[in-house]
Amino acid sequence: MKIAVLPGDGIGPEIIREARKVLEVLQQEGLAMELTEAPLGGAAYDQYGSPYPEATQKLAREADAVLLGAVGGPAYDNLDRPLRPERGLLAIRKDLQLFANLRPAILYPELANASTLKPEVVSGLDIMIVRELTGDIYFGQPRGIRTNEAGEREGFNTMLYAESEVRRIAHVAFNIAMKRNKKLCSVDKANVLETTEFWKEIMIDVAKEYPEVTLTHMYVDNAAMQLVRNPKQFDVMVTGNIFGDILSDEASMLTGSIGMLPSASLDKNHKGLYEPSHGSAPDIAGKNIANPLATILSVAMMMRYSFNLDAVALRIESAVKKVLADGLRTADIYEEGTRKVSCSEMGDAVVAAL
Ligand SMILES: NC(=O)c1ccc[n+]([C@@H]2O[C@H](COP(=O)([O-])OP(=O)(O)OC[C@H]3O[C@@H](n4cnc5c(N)ncnc54)[C@H](O)[C@@H]3O)[C@@H](O)[C@H]2O)c1
Ligand SMILES: CC(C)[C@H](C(=O)O)[C@@H](O)C(=O)O
Ligand SMILES: [Mg+2]
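Residues numbered from 1 in each chain as written. Chains lettered and ligands numbered in written order. Predicted model: local features only at pLDDT ≥ 70, side-chain atom pairs only at ≥ 80, totals over all residues.

Labelled according to an unreviewed UniProt entry, the protein chain appears under the name 3-isopropylmalate dehydrogenase, originating from Iodobacter fluviatilis. Under the UniProt heading Sequence similarities (unreviewed entry), the entry covering the protein chain gives this text: "Belongs to the isocitrate and isopropylmalate dehydrogenases family. LeuB type 1 subfamily." Recorded under Subunit (unreviewed entry), the UniProt text for the protein chain is reproduced unchanged: "Homodimer." (UniProt positions renumbered as here; feature names shortened; annotations may be inferred.)

Structure below.
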């Protein structure tokens, strides 16, 4: 397994250090693995003057899987747009054609009180959010800031989906639904936006190939509300890039913390990039208090999706469950009666549990 490791910015290097410990345990046990680090985002800008420099491109393209921390931070917010860390992240997703972003929102029973919802509303929560990742308003052209004919400045982006882009993410979502409970909810804003009216039409067409799956549709505003009202009505959700970005952050809080939500971004051959759903958390960077579990759970997803090592993935997930059952909590999920630990202590505990 050739794994490119991109720590990134802010808490990125801290959480990646802990995830690496998990990979290194597997390596010591005999899993053949090559781990190579390279910068992405602000760290890459500092070193190479580009958020996705050639050295990182080469490594990422040659790797079987990529493990990423997070990118961005206030130090880079005023750079020219193409140089901003977030553009590096978008560039690597596009470059590797990682169009399918899987964000599972699972509530571990031990964290029932850490959830923002009442235990009876969230207990047993297990939602898979399938977010399209290389299209939509994130990439549609034209985009920019310009002065219009009236002499006023305006900002503009283009919400755009090609039929092939919607079809391929639909197939990913239906296939996942087939392996789970055969329920798929497509989230759109078809009452207002043509792009998503089109999205809905394609979803309905693809559904004909999956007669066993019950496809429902929901407007994104309602979906945002339903997620906090009665989240267990959802099993698999499929949506576009921007709605998926927002809904997955919302869903993360149902699981206790954004620090618990892993993600896999896959191409058509399941070459993947694995990263927590959260950002570089500049407010807590450098303090060794970030929650590394989303990143460690992303390693589990890597084992499952890129390397077909389901048993290894389950072992990592069980180790996470064990440390939670033992009462260990980073600050974001801490509650009275549990033991507050640092980022590195949490990583060490997962390694011990493994
Ligand atoms: N995938 C990515 O690399 C990614 C994702 C989201 C945001 N970002 C970038 O990160 C920077 C900060 O963005 P933001 O503040 O909006 O979102 P963020 O996710 O970084 O942080 C939001 C809040 O959640 C907390 N948080 C996040 N991860 C945590 C963890 N593992 N443990 C404990 N607490 C955690 C932070 O401390 C903060 O209070 C921006 O530059 C943004 O563009 C990057
Ligand atoms: C940093 C940003 C480009 C990114 C996104 O919007 O996709 C992030 O919010 C995420 O969820 O991975
Ligand atoms: Mg996001």
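Peer 1: Would you explain the overall build of the protein chain in this entry?
Peer 2: Check the secondary structure of the protein chain and you find 12 helices and 14 strands. The globule rule puts the C-alpha radius of gyration for 354 residues at 20 Å, and the 20 Å found for the protein chain is close to it. Judged by the C-alpha coordinates and their principal axes, the protein chain covers about 60 × 50 × 40 Å. A buried classification covers 47% of the 354 residues belonging to the protein chain. Contacts in the protein chain between residues far apart in sequence, at least 24 positions, make up 74% of those at least 6 positions apart. (Helix = DSSP H or I, 4+ residues; strand = E, 2+ residues; numbered from the N terminus. Rg over C-alpha atoms; globule rule 2.2 N^0.38 Å. Buried ≥ 20, exposed ≤ 12 C-beta atoms within 10 Å, placed from the backbone. Contact = placed C-beta atoms within 7 Å.)

Peer 1: Help me understand the sheet that holds strand β1 (residues 2-8) in this model?
Peer 2: Through backbone hydrogen bonds, the strands of a sheet pair up, either in parallel or in antiparallel fashion. With mixed pairing, 10 strands are arranged side by side in an open sheet as β2-β1-β3-β12-β11-β4-β5-β10-β8-β9. If you trace the sheet from one side to the other, it starts and ends with β2 (34-37) and β9 (214-219), each paired once. Going from strand to strand, the sheet's axes swing by 25° on average, the running direction of each strand aside. In this structure, strand β3 (residues 65-70) lies alongside strand β12 (residues 272-274), joined through three bridges in parallel fashion. The residue of β12 that forms the bridge with A65 is G272. Where helix α7 (residues 194-207) meets the sheet, its contacts fall on β8 (183-188) and β9, and the angle it forms with β8 comes to roughly 160°. Here helix α8 (residues 220-229) sits on the sheet and contacts β8 and β9; the angle it forms with β9, its principal contact strand, is near 100°. (Pairing = 2+ DSSP bridges. Axes fitted to C-alpha atoms, helices over the stretch in contact; angles between N-to-C directions.)

Peer 1: Please explain the site of ligand 2 as it appears in this structure.
Peer 2: As a structural note, the neighbourhood of ligand 2 is formed by G72, E86, L89, L90, D245, S277 and G279. For the shell around ligand 2, the per-class residue count stands at two nonpolar, three polar and two charged. (Near = placed C-beta within 6 Å. Nonpolar A, V, L, I, M, F, W, Y, C, P; charged D, E, K, R; others polar.)

Peer 1: Is there a simple way to think about α8 in this case?
Peer 2: Think of an α-helix as 3.6 residues a turn; residues three or four steps apart then line up on the same face. Those residues of α8 that fall on the buried side of the exposure criterion are V220, A223 and L227. For α8, the angular spread of the buried residues around the axis is 45°, confining them to a single face. Seen from the buried face of α8, the exposed residues on the opposite side, beyond 90 degrees, are N222 and R229. Where α8 is buried, its residues meet β8, β9 and α9 (241-254). (Arc of directions from axis to C-beta.)

Peer 1: For this particular structure, what's the right way to read the site of ligand 1?
Peer 2: Around ligand 1, the structure places 22 residues, and the nearest of them are G72, G259, H278, G279 and N291. For the shell around ligand 1, the class distribution of residues is 11 nonpolar, seven polar and four charged.

Peer 1: Can you walk me through the UniProt feature "site: Important for catalysis" (unreviewed entry) in the protein chain in this structure?
Peer 2: Under the present numbering, the feature "site: Important for catalysis" (unreviewed entry) in UniProt falls on Y138 and K189. Structurally, Y138 can be placed in the loop between β5 (126-132) and β6 (144-147). Overall, the presence of 20 C-beta atoms within 10 Å leaves Y138 in the buried class. Setting aside anything within four residues of it in sequence, one finds Y138 in contact with L90, N241 and I242. Counting through the fold element by element, K189 comes out in the loop between β8 and α7. We classify K189 as buried; it has 20 C-beta atoms within 10 Å. Contact partners of K189, with chain neighbours within four places excluded, come to T196, Y219 and V220.

Peer 1: Looking at this structure, how should I read the pairing of β9?
Peer 2: Both faces of the sheet carry side chains from a regular strand, because those side chains alternate between them. In terms of strand pairing, β8 meets β9 through six bridges, oriented parallel. Residue pairing in the sheet places S186 in a bridge with H217 of β9. For the crossover from β8 across α7 to β9, the handedness is right-handed. (Right-handed = clockwise from strand over helix to strand, strands pointing away.)

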